[in-house]
Amino acid sequence: MFHRNNTYSHRTFIDERRRMKKLLVTVQLEMDVPDTWNLVEHPDDVQAIKLEDGRFMYMSFLPMFTTDANAGAEWSSECTDAFSDEILDMVADEEVLMKFES
């Protein structure tokens, strides 16, 4: 549905379809990281990486978008905050496990 300011509401479109299906996404990363990075349990009850500058980094998925249907398309994580919120609302469960290999 278009609102008065001519913006499209993705939530309205999704709610009107009412037909949803389960999407399972598996992402596995292998990264070479500095020896100064450490895995810690953050007080927010999440496993995080403590960086050498004192910041904590949590690894999660990042939706990427393009309008180009051709090979070599440029992808970006840029989208409206509203659409990003809708994508996050669709996530029923997320499991993140990080470990260092010996």
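Residues numbered from 1 in each chain as written. Predicted model: local features only at pLDDT ≥ 70, side-chain atom pairs only at ≥ 80, totals over all residues. Heavy atoms only, no water.

**Student:** Please set out the pattern of salt bridges residue by residue, giving values where relevant.
**Tutor:** Under the counting rule described, the total for this entry stands at one salt bridge. In this structure, Asp 53 engages Arg 55 in a salt bridge whose closest nitrogen and oxygen atoms are separated by 2.7 Å. (Salt bridge = Lys/Arg side-chain N within 4 Å of Asp/Glu carboxyl O.)

**Student:** Lay out the nonpolar core in plain terms, naming residues and giving numbers.
**Tutor:** Ranked by size, the top nonpolar core spans five residues in total: Trp 37, Ile 49, Leu 51, Met 59 and Met 98. Apart from the residues within four sequence positions on either side, Trp 37 is in contact with Ile 49, Lys 50, Leu 51, Glu 52, Met 57 and Phe 100. (Core = buried A, V, L, I, M, F, W, Y, C linked by side-chain atoms within 4.5 Å. Buried < 20%, exposed > 50% of the residue type's maximum accessible area, 1.4 Å probe, protein only. Contact = heavy atoms within 4.5 Å.)

**Student:** Hey, could you go over the pairing of strand S1 (residues 38–42) for me, with residue numbers and the actual values?
**Tutor:** Sheet analysis places S1 next to strand S2 (residues 46–50), joined by five bridges and oriented antiparallel. Bridge pairing links Leu 39 to Ile 49 in S2. Linking two consecutive strands that pair antiparallel, namely S1 and S2, is a turn of three residues; a positive phi of about 65° is found at Asp 45 within it. (Pairing = 2+ DSSP bridges. Helix = DSSP H or I, 4+ residues; strand = E, 2+ residues; numbered from the N terminus.)

**Student:** Can you explain the sheet that holds S1? Please cite residues and give values.
**Tutor:** With respect to topology, three strands assemble into an open sheet ordered S1-S2-S3, the strand pairing being antiparallel. Lying at the two open borders of the sheet, with one neighbouring strand each, are S1 and strand S3 (56–57). Judged from the two bridges that link them, S2 and S3 form a sheet pairing that is antiparallel. From the neighbouring strand, Ile 49 faces S3, where its bridge partner is Met 57.

**Student:** Lay out the environment of Val 96 in plain terms, naming residues and giving numbers.
**Tutor:** The topology assignment puts Val 96 in the segment after helix H2 (81–90). Residue Val 96 is classed as partly exposed on the basis of its relative accessible area, which comes to 27%. Once the C-alpha coordinates of Val 96 and Tyr 58 are considered, the two residues, 38 residues apart in sequence, prove to be 9.0 Å apart. Beyond its immediate sequence surroundings of up to four residues, Val 96 is in contact with Gln 47, Tyr 58 and Met 59.

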